[in-house]
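Report on the structure
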Amino acid sequence: GKLDFSPPVEDLSSSGFPLVGGRIDHVAGQPVAALVYQRRLHPINVFIWSGASRTAASDTRSIRGFQVRHWIRNGMSFWAVSDVNDAELTQFVRALQAS
């Protein structure tokens, strides 16, 4: 009831990324869904909001030791952020996009 969209919530535990929590957060003053997955002891935060993004359709970055991935699907903007290594975050994103 606090978001104007329903974020997709996927069970990725069979791929080694169990869902461990979720919350509503704010990015640039906008409410967003924040899902928390885990890889061993490393959290993977996935921020989701509806609407067009002002960034590229996909993006890969490393910022101060954190791996960041961005993509747009079905009119929603997804940002995955974690301190897992680059290969594992890529594996997570592929699993999430395939579901």
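Residues numbered from 1 in each chain as written. Predicted model: local features only at pLDDT ≥ 70, side-chain atom pairs only at ≥ 80, totals over all residues. Heavy atoms only, no water.

Regarding the packing of aromatic side chains
- For the coordinates displayed, the defined rule picks out 3 aromatic pairs.
- Plain terms: the ring middles of phenylalanine 17 and phenylalanine 92 are 5.2 Å apart, the flat faces sit at 65 degrees to each other, and that makes the pair edge-to-face. Here phenylalanine 17 is found in the segment before strand E1 (19-27), whereas its partner phenylalanine 92 is found in helix H1 (residues 86-98), with 75 residues between them in sequence. Here phenylalanine 17 matches phenylalanine 92 in class, with each residue buried.
- Residues tryptophan 71 and phenylalanine 78 carry aromatic rings whose centres are separated by 5.2 Å and whose planes lie at 5 degrees to one another, so their mutual orientation is stacked. Pair check on accessibility: tryptophan 71 and phenylalanine 78 agree, each one buried.
- Following the ring pairs from residue to residue traces out a cluster consisting of Phe17, Tyr37 and Phe92.
- Positioned over the ring face of phenylalanine 17 is arginine 39, at 4.4 Å from the centre of the ring. (Phe/Tyr/Trp six-rings, centres within 6.5 Å; stacked < 30°, edge-to-face > 60°. Helix = DSSP H or I, 4+ residues; strand = E, 2+ residues; numbered from the N terminus. Buried < 20%, exposed > 50% of the residue type's maximum accessible area, 1.4 Å probe, protein only. Lys NZ or Arg CZ within 6 Å of the ring centre and 35° of its normal.)

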